[in-house]
Amino acid sequence: MLKLTYTDDGFWLEQLSMTVETWLQSRLLVSLHAGTALTMEPTTASFLLPEDLPELATFEALLWPELGCGVAVAACDAGYVEICLNGTWVGADPEAETGVFVTRLGDRTETFLYRLWRQAEAIAELHGD
C-alpha cells in the first residue's frame, strides 16, 4: 500500500507492507481511543513529479497495459506531470488540506512509483528546493 501524508509543508510518500484495510482499522481504533474526529472517504489524490525523471517514461509504459489500475499520469505545469491515484482520504475533516491518503496498487506499480518519488525528492534536495 502507498500512504501519502499531506501537511502544511507538503507531503510525504511511504510504501507499507500492510493492507489498506488493516491500516484504516488501526487508525480508526487510535481515533476512538483518543476521542478525536475522523473522516474516511473514497476519493482521489495527486502529486507532481518532474517530467524529466529518467524512468518516468518506463513507468508510463508499465501503466499502459494496466488501464484502470487506479493511477493516471497527466501533463501538468511546465516541467511536471501529475500523478493521480484512487484511494481513501483519512483526516479530521473531508475538506481539510492536511491528512492521510492511502491506496493499494499492484506491487510493481507501487514500488516503481515510490522509487520515482524518491528520485524526485533527491533531485529537489540537490537543488535546495
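Keep in mind that what you see is a predicted model, and the values were worked out from it rather than measured. Counting of residues starts from 1 at the beginning of each chain's written sequence and follows it residue by residue. In keeping with the model being predicted, local features are shown solely for residues with a pLDDT of at least 70 and side-chain atom pairs are shown and tallied solely at 80 or more, while totals for entire chains, interfaces and linings include all residues. Side-chain numbers come from the whole structure's heavy atoms, not from hydrogens or water.

Secondary structure is summarised from DSSP: a helix means a run of H or I of at least four residues, a strand means a run of E of at least two, and numbering begins at the N terminus for each. Mapped onto the elements, Ser31 comes out in helix 1 (residues 20-34). For every residue, the accessible area obtained with a 1.4 Å probe (protein chains only) is divided by the maximum for its type, and the residue is called buried under 20%, exposed over 50%, and partly exposed between those limits. Judged by relative accessible area, which is 4%, Ser31 ranks as buried. The contact criterion used throughout is that any non-hydrogen atoms of two residues lie within 4.5 Å. Residues within four places of Ser31 in sequence aside, it is in contact with Thr36, Ala37 and Leu38.

Here helix 3 (residues 107-126) contains 20 residues, and its C-alpha end-to-end distance of 29 Å stays within 8% of the 28 Å for a straight helix at 1.5 Å per residue. Residues of helix 3 that are buried include every one of Thr109, Glu110, Phe112, Leu113, Leu116, Trp117, Ala120 and Ala124, and no others. Working rule for helices: expected span equals 1.5 Å times residues minus one.

Basic side-chain nitrogens of Lys or Arg form a salt bridge, by our definition, when they fall within 4 Å of a carboxyl oxygen of Asp or Glu. Here the structure, examined in full by the defined rule, presents 4 salt bridges. Residues Asp107 and Arg104 are paired through a salt bridge, measuring 2.8 Å at the closest nitrogen-oxygen approach. Connected through shared salt-bridge partners, Arg104, Asp107 and Glu110 make up one network.

Within a pair of aromatic rings, the relevant descriptors are the distance that separates the centres and the angle that separates the planes. Aromatic pairing here means that ring centres of Phe, Tyr or Trp (its six-membered ring) are within 6.5 Å. Orientation follows from the plane angle: under 30 degrees is stacked, over 60 is edge-to-face, and everything else is tilted. As enumerated under the stated definition, the model contains 7 aromatic pairs in all. Placement of a positive charge over a ring is assigned whenever Lys NZ or Arg CZ falls within 6 Å of the ring centre and within 35 degrees of the normal to the ring plane. We note Arg115 situated over the ring of Phe112; from NZ or CZ to the ring centre the distance is 4.5 Å.

Below, the discussion takes up the nonpolar core. The nonpolar core is taken to be a set of buried Ala, Val, Leu, Ile, Met, Phe, Trp, Tyr and Cys residues, with the residues joined through side-chain atoms within 4.5 Å. With 24 residues, the main nonpolar core has Leu4, Phe47, Leu49, Phe59, Ile83, Leu85 and Leu113 as its most contacted residues. Counting only elements with at least two residues in this core, the list comes to strand 1 (2-7), strand 3 (39-50), helix 2 (56-63), strand 5 (80-91) and helix 3. With 5 residues, helix 3 is the largest single contributor of residues to this core. Other than its neighbours up to four places away in sequence, Leu4 contacts Phe11, Trp12, Leu13, Phe47, Leu85, Gly99, Val100 and Phe101. With 7 residues, the next largest nonpolar core counts Trp23, Leu24, Val100 and Val102 among its residues.

Time to look at the pairing of strand 6 (residues 99-103). Summarising burial for strand 6: 5 of the 5 residues are buried, a large majority. Side chains Gly99, Phe101 and Thr103 project from strand 6 onto one buried face, and the interleaved Val100 and Val102 project onto a second face that is buried too. Pairing between two strands requires that DSSP report at least two bridges joining them. Looking at chain direction, strand 1 and strand 6 are connected through 5 bridges and run antiparallel. Bridge pairing links Tyr6 to Gly99 in strand 6. Two strands pair when backbone bridges link them, and strand 5 and strand 6 are joined in this way by 3 bridges, in the antiparallel orientation. When the bridges of strand 6 are listed, Thr88 appears paired with Val102.

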